[in-house]
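# Examination of the molecular architecture
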Amino acid sequence: MEFIGYPTWALVYIVLFSGLCFAGDPFVNFELIYSFITASPLGVPQQVIAVNGNFPGHPLNVTTNNNVVVNVTNKLDEELLITWPGIQMRRNSWQDGVRGTNCPIPAGWKWDYQFQVKDQIGSFFYFPSLNFQRAAGGFGSFIITNRPVISLPFAAPDGDIILLIEALRQTLDAGKDLGMPDGVLINGKGPYRYNTTLVPDGIEHETILVQPGKTYRVRVHNVGISTSLNFRIQNHNMLLVETEGHYTSQQNYSNLDIHVGQSYTFLVTMDQNASTDYYIVASARFVNESLWERVIGVAVLHYSNSKGAASGPLPPGPNDFYDKTFSMNQARSIRQNLSASGARPNPQGSFHYGSINVTDTYLLRSMPLVTINNTLRATFNGISFVNPETPIRLADNHTVKGAYKLDFPKKPLTGAPKLDISVINGTYKGFIEVILQNNDTIMQSFHMDGYSFFLVGMDYGNWTENSRGTYNKWDAIARCTAQVFPGAWTAVLISLDNVGVWNLRVENLDRWYLGQETYMRIVNPEENGETEFPVPSNVLFCGALKNLQNTVVRLQCRSLVGN
């Protein structure tokens, strides 16, 4: 199946596929070729980043504990890194694919990522992490299927639907307001013409074919750069069963807010009559809906025995303009299924996080953009992060002095905001509390690579120590990306059992690009090779170590110039 796209809108990508997996294979191999192509789904030609000639890229399907080898070919005219949010890269931050852990793949080179999806299941995605490349595409879903010996906490679905949502805009480094996207796409296609005034003629829309009475697993990923989207399927309940690698308590939603960087899995049964087709809708949240009406994404759900086209008004989204608690309460309602087994036989609830003593607390405060050295920047605790020239663990391995600082503050600084390469010094086997205080004016998504955390609380106002009395210490959902509402806080608990260097960031691409990130360095002082892998043989060198990029490594990376 071929996918096309366009980099100045919000996109929803859905693909229907049968249950492909690699059960019994210890190694699975993929080849991803990154290149620019031109696509015009809304009628205006635009350059996008394709994967193997497709926009968006096809899903990568693996099974728990598979060893994964991904050969990436960079046919762009710029450097490239691919990151895998939610894939924990146990003992192996060398493969994480962000600027603080890896040197970029040069234009015209190939490079192999090699990692194991150890003890993981669930719905994730991959994307290019440098600068604004994600805003041009280059992303796709990454699905980890459970081993056959581990039972699903629900009946096996009859098919899978994957959905990616992606918002693409320009002028970010100028610090300007992002404004509206040019449109919302579904499967790389524009909206169904549900309204002849709002949707021009001649735009191709997506149609999803389903069988009556069948139940489908719908995996939804918001890979956008800034826009929260509300997702709904007309007249169909969506039974939430999993998010970002953990099974949830099963409950029905008629619609769900999906924030930037988040992934959800639903079961949807085709139990409606087939008198007409049905709308699939993705609409922007926390915006002036009358202005954003023209950028709603609409696809068609087509029963095989349908008797007519979809018509009439779209199913309404949340009516909460005067109720700012609706979306937060919806988020609070998502709980962990304590009795279900995830990737391992033991139930998810067997780890009693609520009874573990916290060893350290970090309060990370977000503020509106500030001016530092005549440039607009974004900050955590008054620090706007500057990416190191030499990746952090590589600098450690080669004793590069001054590559970064282990002095990230545990609470906001009182002085003027500043640029710095300030990193959190995490304690191996510690159990930390991180409070995300969003004093910015926009909805934010917080993500941590290498880990899942327990999302134990959120509320409006400023966090205080008394806020701990509201924490969910029993069945909080474990995930890797959490929404943080403007003027509110979110609290997470993290067990630091994965050695390496791990990126903490806001997934809002404008804020991330402008410095709202840091890293957590976690080192085992008694390292004997069992808790962290050594430097990979094909490691790329840059910064202070660029002269080590020797002939052997160059041959491993296989320059494509002239090929």
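What you see is a predicted model; the values in this text were computed from it and never measured.

### Describing unusual backbone geometry
Between F55 and P56 the backbone carries a cis peptide bond, its omega angle lying at -5°. For P56, the position within the fold is in the loop between β3 (46-51) and β4 (60-63). The phi torsion at D119 lies on the positive side, around 50°, for a residue other than glycine. Locating D119 in the fold gives a position in the loop between β7 (110-116) and β8 (122-128). A positive phi is found at F286, a non-glycine position, where the angle reads about 60°. Of note, F286 is situated in the loop between β19 (278-284) and α1 (289-292). Look at F286 and you get partly exposed, because its relative accessible area is 42%.

### Some remarks on the pairing of strand β33 (residues 500-506)
Most of β33 sits inside the fold, with seven of its seven residues counted as buried. By the alternation rule, side chains of β33 split into G500, W502, L504 and V506 and V501, N503 and R505, which are all buried. Bridge count for strand β28 (residues 444-448) against β33 is three bridges, and the pairing is antiparallel. What sits directly across from M448, in β33, is L504. Inspection of the sheet shows β33 paired to strand β34 (residues 517-523) by six bridges, in the antiparallel sense. For G500, the partnering residue across the bridge sits in β34 and is I522.

### A look at the side chain of S452
Relative to the assigned elements, S452 resides in the loop between β28 and β29 (453-460). The contacts of S452, once residues within four sequence positions are left out, are Q88, E244, H246, A478 and R479.

### Description of the sheet that holds β28
Whether parallel or antiparallel, the strands of a sheet pair through hydrogen bonds between backbone atoms. One open sheet accounts for five strands, arranged β26-β34-β33-β28-β31; its pairing is mixed. A single partner strand is all that each edge strand has here, and the edge strands are β26 (424-427) and β31 (481-484). Across the sheet, the mean angle separating the axes of adjacent strands is 20° when strand polarity is ignored. As paired elements, β26 and β34 share four bridges and run parallel to each other. Each bridged residue has a counterpart across the sheet, and for I424 the counterpart in β34 is M520.

### Let's talk about the sheet that holds strand β27 (residues 431-438)
Pairing within the open sheet is mixed, and its five strands lie in the order β21-β27-β32-β29-β30. At either margin of the open sheet sits one strand with a lone partner, and together these are β21 (360-366) and β30 (478-479). Inspection of the sheet shows β29 paired to strand β32 (residues 488-495) by six bridges, in the antiparallel sense. Opposite L455, over in β32, you have V492 as the bridge partner.

### Regarding the state of the cysteines
Taken as a whole, this structure holds one disulfide when the rule is applied. Between C103 and C542 runs a disulfide, and the two sulfur atoms are separated by 2.1 Å. Between C103 and C542 the sulfur-sulfur dihedral comes to about -80°; the bridge is accordingly left-handed. Of this pair, C103 sits in the loop between β6 (82-83) and β7 while C542 is found in the loop between β34 and α5 (551-557), placing the two residues 439 residues apart along the sequence. Pair check on accessibility: C103 and C542 agree, each one buried.

### Things to note about the nonpolar core
Residues Y34, W84, Y113, F115, F142 and F266 are the most contacted members of the largest nonpolar core, which totals 125 residues. Of the residues forming this core, the biggest block, five residues, is contributed by strand β2 (residues 27-39). Leave out the neighbours within four places in its chain, and F266 touches Y216, R217, V218, V220, F231, M238, L239, L240, V241 and L256.

### Comments concerning the pairing of β3
Burial analysis of β3 places five of its six residues in the buried class, the great majority of the element. With six bridges connecting them, β2 and β3 associate as antiparallel partners. Paired with T38 across the bridge in β3 is Q47.

### Examining the confidence of the model for the chain
On average, residues of the chain score 89 in pLDDT, and 90% of them are at 70 or above. Within the model, the stretch residues 551-556 combines pLDDT values under 50 with nine contacts to residues more than four positions away or in other chains.

### Things to note about the environment of L314
Take L314: it is sitting in the loop between β20 (297-303) and α2 (326-332). Separated by 81 residues in the primary sequence, L314 and I233 have C-alpha atoms spaced 9.7 Å apart.

### Structural notes on the pattern of salt bridges
Evaluation of the coordinates by the stated rule reveals 22 salt bridges. Close ionic contact of D160 with R217 constitutes a salt bridge, the shortest N to O distance being 3.2 Å. With D160 in strand β10 (residues 159-167) and R217 in strand β13 (residues 215-222), the pair connects residues that are 57 residues apart, well separated along the chain. D160 gets classed as buried once you look at its relative accessible area, which sits at 5%. Between D396 and R393 there is a salt bridge, with its nearest N and O atoms 2.7 Å apart. You can see D396 and its partner R393 sitting in helix α3 (residues 392-397), three residues apart, about one turn around the helix. We classify D396 as partly exposed; its relative accessible area is 22%. In this structure R393 comes out as buried when scored by relative accessible area, which is 15%. Several salt bridges share partner residues, and in doing so they unite R134, D449, R505 and E507 into one network.

### A short note on the packing of aromatic side chains
As enumerated under the stated definition, the model contains 22 aromatic pairs in all. When the ring of W84 is compared with that of Y126, the centres are 5.8 Å apart and the planes differ by 40°; the resulting orientation is tilted. A residue pair is termed long-range when its members are at least 10 positions apart, and W84 in the loop between β6 and β7 and Y126 in strand β8 qualify at 42 residues. Since its relative accessible area comes to 0%, Y126 is described here as buried. Between F154 and Y247, the ring centres sit 6.1 Å apart and the planes meet at 80°, which makes this aromatic pair edge-to-face. Taken together, the positions of F154 in the loop between β9 (140-145) and β10 and Y247 in strand β16 (residues 246-253) put the pair 93 residues apart, joining distant regions of the chain. A relative accessible area of 5% places Y247 in the buried class.

So, how was this worked out
- Residues numbered from 1 in each chain as written.
- Predicted model: local features only at pLDDT ≥ 70, side-chain atom pairs only at ≥ 80, totals over all residues.
- Heavy atoms only, no water.
- Helix = DSSP H or I, 4+ residues; strand = E, 2+ residues; numbered from the N terminus.
- Buried < 20%, exposed > 50% of the residue type's maximum accessible area, 1.4 Å probe, protein only.
- Pairing = 2+ DSSP bridges.
- Contact = heavy atoms within 4.5 Å.
- Axes fitted to C-alpha atoms, helices over the stretch in contact; angles between N-to-C directions.
- Disulfide = S-S within 2.5 Å.
- Core = buried A, V, L, I, M, F, W, Y, C linked by side-chain atoms within 4.5 Å.
- pLDDT = per-residue confidence, 0-100.
- Salt bridge = Lys/Arg side-chain N within 4 Å of Asp/Glu carboxyl O.
- Phe/Tyr/Trp six-rings, centres within 6.5 Å; stacked < 30°, edge-to-face > 60°.

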